[in-house]
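Inside the fold
Here's the letter readout for the chains.
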Amino acid sequence: MASPTNPSAARLAACDCLTPFGDASATHAALLRGERALQPSPVLGREGGDAVPLALLPGRALDEANPPAWLQPLATLLAPVAGPEWGTAHRPVCVTSSNFGVGSLHALRRTGEAGHAPHGTPHGSVELVRRALGWGENVAIFSHACVSAHLGLVHASRLLAAGAAEEVLVVSYDFLSPFVAGGFHALKILNTDFPAPYQDRAAGSIGLGDGAGYAVLSRGRGDLSIEAHSLHNEMYHFTANKPDGAGFAAALAPLAAVAAGRRLWVKGHGTGTLEAGRLEATAVALAFPGAPLVGWKGSLGHTLGSCGIVELAIAAAALRSGRTPGTVGSASPTFTDAVALEPFDNSAFDGAVCASNAFGGAHAAFLLSHA
Amino acid sequence: MLERFIQAVRTDAPEAEEAAATRVRLKDRFAPGVVRRMTQLGLFVGAVLGELQPGEDDALVYATQFGEGRALEGYLDSFPSASPTLFQTSIHPSGAQQGLIGRQRSVREFFPLAGGNQLVATAAQAALLAHAERVLFCGGEERGTWLVPHAAASDRAFAFAIALTRAEGPGALGRLALEPAADGAGALALPVWFELLHHRRPFAGAVAPGWRLVLEWR
């Protein structure tokens, strides 16, 4: 069995997220109430198209503005970690995303307005954020589709373990645009149905959501700990997993070994696609027998490269409050009996496993617990 | 100090080669039927990386500033009838995944990075922090077309892959290290890094605040 990617614990000194519900506390509360942020929205924004489930920040249009309309709400979220003390040699920043500012390139192509272009590349988008927040230049950029945020957290843990940083700020943001909504719609993964993660039904479907978050990782500050990470990349197919579920099992096994004997709940990836949902639920039941499995993308939509950190912030709120939101948007029958549809009390649990998946059969997971 | 030893180097400098010519030149490196679906960057990176025989236990670090410029341009051009194929191939880090999927080569750790002036520094840092015995550090760019004047696609093409180990061994070709330095500015762009590898030139200098990169050849 492979060993965990990073067995050294890092403390979670600060963490928050931004969804259409608000910050992590507001999002956690909305999920506990079973609310759904997803709303039927034209897949191509002002150019119309099918009404698909999208969860946009209040008042934000799908079509990109110049400067990008996401910059101000992102800057507000990141206000606690603004300033020149971040992005330095000892307090580096890791920015992760799958979209960065690519909506600006779509706007460039559709409108011909060259002013969109500087924000369209990953480095251009991050430079816009870096300047707005006043960070220094020590900023790493990771982009691995929907496991992007996990890679930033792994890298941060390694910087701390190596003594190469005192604290590390991991930031992730993904804001929707016709670019990404149109792409998933073209792949026939995003359609007019609302997602129902882990529900055994005739057809699968996902929703997409705006999302951003940050985490400050530290060696000694914080009430929660990310104890271990695990990574695995199947490289089987761009948009499908190995049909025997071996990729899910390979990603979860190292964490199951670390967590042996402890009582955990699992925050799965759970986008609402059928085959991946079935494989994931089965693998979770085998790796963590009896552990409740929840997924929150039936409410928030898939926040893409940022889902790992958005859902970390919600999981942290759940551990602190003692209440874990259920799998909003889903109903019986589910792929396994372990799928928790309703909120539950987690005070008797030792922690949570948080998992994400991505194109290319990429898997990433970590173990979050009280420090 | 973070350091590893260079055991193998592969580079490709295709200059202005067109995609059709690249397919002909590199088709023997991939399984039959795979090449026609690959991007030019996927072919470049897949070929140099394939020579290093990536394995399950290797850690893979991939660096590209712009990624699949042509697929991105084609996907943007396809609206309002968005192309599903161009969407998935335009997504970072498709350039490294295409060859690995074609060869059905799973890897445990895969760290794809993007970025500008700090890209080489941060990718080298990811490579030198990896726990795997062998780390494969690869990357590259393909030439774009209409996005190039907007500085949103690369204006040149290249690819590289190097194999790094903890132990020096008798066959080491060189050494890559990151050393703490006085907090100051520094930069090393990906095309400059490629030229260092391609011509096996040494380098020692600031590449990011607080970090000095050392590249030595035996």
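Residues numbered from 1 in each chain as written. Chains lettered and ligands numbered in written order. Predicted model: local features only at pLDDT ≥ 70, side-chain atom pairs only at ≥ 80, totals over all residues. Heavy atoms only, no water.

Some words on the side chain of histidine 269 of chain A
Residue and element names in this part refer to chain A. You can see histidine 269 is positioned in the loop between β10 (264–267) and α8 (274–287). When its relative accessible area of 7% is taken as the criterion, histidine 269 is described as buried. Within polar-contact distance, the side chain of histidine 269 engages the side chain of histidine 302 at 3.5 Å. Only 3.2 Å separates the side chain of histidine 269 from the backbone oxygen of asparagine 357, close enough to count as a polar contact. Those residues within four positions of histidine 269 in sequence are excluded, and the remaining contacts are Cys146, Tyr198, Glu280, Lys297, His302, Cys307, Ala355, Ser356 and Asn357. (Helix = DSSP H or I, 4+ residues; strand = E, 2+ residues; numbered from the N terminus. Buried < 20%, exposed > 50% of the residue type's maximum accessible area, 1.4 Å probe, protein only. Polar contact = N/O pair within 3.5 Å; in protein donor to acceptor, adjacent residues only side chain to side chain. Contact = heavy atoms within 4.5 Å.)

Description of the interface of chain A and chain B
Counting from both sides, the interface comprises 58 residues of chain A and, opposite them, 53 residues of chain B. In this assembly, chain A packs against chain B so that about 4,700 Å² is buried in total across both faces, 66% of it on carbon and sulfur atoms. Its largest share of buried area at the contact with chain B, chain A owes to Arg158, Met235 and Phe238 of chain A, together 17% of the area lost on that side. The interface formed by chain A and chain B includes 2 salt bridges. Ionic pairing is found between glutamate 109 of chain B and arginine 158 of chain A, a salt bridge with its closest N-O pair at 2.6 Å. On inspection of chain A and its partner chain B, the count reaches 19 residue pairs in polar contact (both at pLDDT 80 or more). At the level of elements, α3 (102–111), α4 (122–133), β5 (139–142), α5 (148–161), α6 (178–186), β9 (224–233) and α7 (246–258) of chain A are the ones that each hand at least two residues to the side of chain A that touches chain B. With 7 residues, α6 of chain A is the single largest residue contributor to the side of chain A that touches chain B. A per-class count over the side of chain A that touches chain B returns 33 nonpolar, 19 polar and 6 charged. Pairing geometry for β5 of chain A and strand β3 (residues 109–114) of chain B, over 2 bridges, is antiparallel. By the bridge assignment for β3 of chain B, phenylalanine 142 of chain A is matched with leucine 113 of chain B. (Buried area = accessible area lost by both parts, 1.4 Å probe. Salt bridge = Lys/Arg side-chain N within 4 Å of Asp/Glu carboxyl O. Nonpolar A, V, L, I, M, F, W, Y, C, P; charged D, E, K, R; others polar. Pairing = 2+ DSSP bridges.)

Here's the deal with the confidence of the model for chain B
Residues with a pLDDT of 70 or more make up 100% of chain B, whose mean pLDDT is 96. For this predicted complex, the interface confidence score (ipTM) comes to 0.98, while the overall pTM stands at 0.98. (pLDDT = per-residue confidence, 0-100.)

A few points about the layout of surface pockets
Residues and elements named next belong to chain A. Space inside the largest pocket adds up to approximately 490 Å³. Those elements that place two or more of their residues in the lining of the largest pocket are α8 and β14 (351–358). Examining the composition of the lining of the largest pocket, we find that 5 residues originate from one element, α8, more than from any other. Its residues placed into classes, the lining of the largest pocket shows 11 nonpolar, 13 polar and 2 charged. (1 Å grid on protein atoms, 1.4 Å probe; cavity = no way out; pocket = protein on both sides within 12 Å on 5 of 7 lines; lining within 4 Å. Points joined across faces, edges and corners; volume = space filled by probe spheres on them.)

Digging into the packing of aromatic side chains
One pass over the full model with this rule turns up 19 aromatic pairs over all chains. Centroid distance phenylalanine 142 of chain A to phenylalanine 111 of chain B: 6.3 Å. Interplanar angle 65°. Geometry classified as edge-to-face. Of this pair, phenylalanine 142 of chain A sits in strand β5 while phenylalanine 111 of chain B sits in strand β3, which puts the two residues in different chains. Take phenylalanine 142 of chain A and phenylalanine 111 of chain B: they sit in the same class, and that class is buried. (Phe/Tyr/Trp six-rings, centres within 6.5 Å; stacked < 30°, edge-to-face > 60°.)

Some details on the sheet that holds strand β7 (residues 208–209) of chain A
All names here are of chain A. Strand order in the open sheet made by the 3 strands is β2-β3-β7, with mixed pairing throughout. In the strand order of this sheet, the two ends are held by β2 (39–42) and β7, each with one partner. As paired elements, strand β3 (residues 51–55) and β7 share 2 bridges and run parallel to each other. By the bridge assignment for β7, leucine 54 is matched with leucine 208.

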